[in-house]
Amino acid sequence: MTVGSPEYADDMPATDARIDSICQDLRASDKTIWDIVLTVKGHTSRLDRVDRRLDRMDRRLDKMEDRLDGLSEQVTDVKGTVEEILTLVRPKA
């Protein structure tokens, strides 16, 4: 691309070299940005898988907690029953 007269453009070789250098820098930056985007997408995909796995583990732990709560209630009931039996069996002072 020429700006001004042809003689003016002939006096601008340093500018052409700088423009070429800037273009190369932009292409290199574009590749770097693309590499970063791919890396982020890879991490996002892995984090999504980890998140799904943690969700499954959380549901399993919730089920276990419910079962343990049920067992705790049963133990409390048995403890109360044993205390009642001991009250009936112990001699009164």
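Caption draft 1: Structural context of the overall build of the protein. Along the backbone of the protein there are 2 helices and 0 strands. Carbon and sulfur atoms make up 59% of the accessible area of the protein, which amounts to about 9,000 Å² in all.

Caption draft 2: Structural context of a positive patch on the surface. Together, R46, R49, R52, R53, R56, R59, R60 and K63 give the surface a local cluster of positive charge. Given the relative accessible area of 53%, R53 is considered exposed.

Caption draft 3: Quick peek at a nonpolar patch on the surface. On the surface, I33, W34, V37 and L38 cluster together into a nonpolar patch covering about 380 Å² of accessible area. Mapped onto the elements, L38 comes out in helix α2 (residues 13–89).

Caption draft 4: Up close: a negative patch on the surface. A surface patch of like charges, here negative, comprises D48, D51, D55, D58, D62, E65, D66, D69, E73 and D77. Structurally, D62 is set in helix α2.

Procedures and definitions
Per chain, residues are indexed from 1 in the order of the written sequence. For a predicted model such as this one, the threshold for reporting local features is a pLDDT of at least 70, and the threshold for listing and counting side-chain atom pairs is 80 or more; totals across whole chains, interfaces and linings nevertheless cover every residue. As a convention, hydrogens and water are excluded, and side-chain values are obtained from all of the structure's heavy atoms. Elements are defined by DSSP. Helices are runs of H or I of four residues or more, strands are runs of E of two residues or more, and each kind is numbered from the N terminus. For every accessible area listed, the method is Shrake-Rupley and the probe measures 1.4 Å; residues are considered covered only by the protein chains on display. Here a patch means residues that are over 30% exposed by relative accessible area and free of salt bridges, tied together within 9 Å if like-charged and within 5 Å if nonpolar (Val, Leu, Ile, Met, Phe, Trp, Tyr). Salt bridge, as applied in this entry: a Lys or Arg side-chain nitrogen positioned within 4 Å of an Asp or Glu carboxyl oxygen. Residues counted as positive are Lys and Arg, residues counted as negative are Asp and Glu, and His and the chain ends are not counted. We put the charge of a Lys on NZ, of an Arg on CZ, of an Asp on CG and of a Glu on CD. Each residue is placed in one exposure class: buried if its accessible area under a 1.4 Å probe, protein chains only, is under 20% of its type's maximum, exposed if it is over 50%, and partly exposed if it falls in between.

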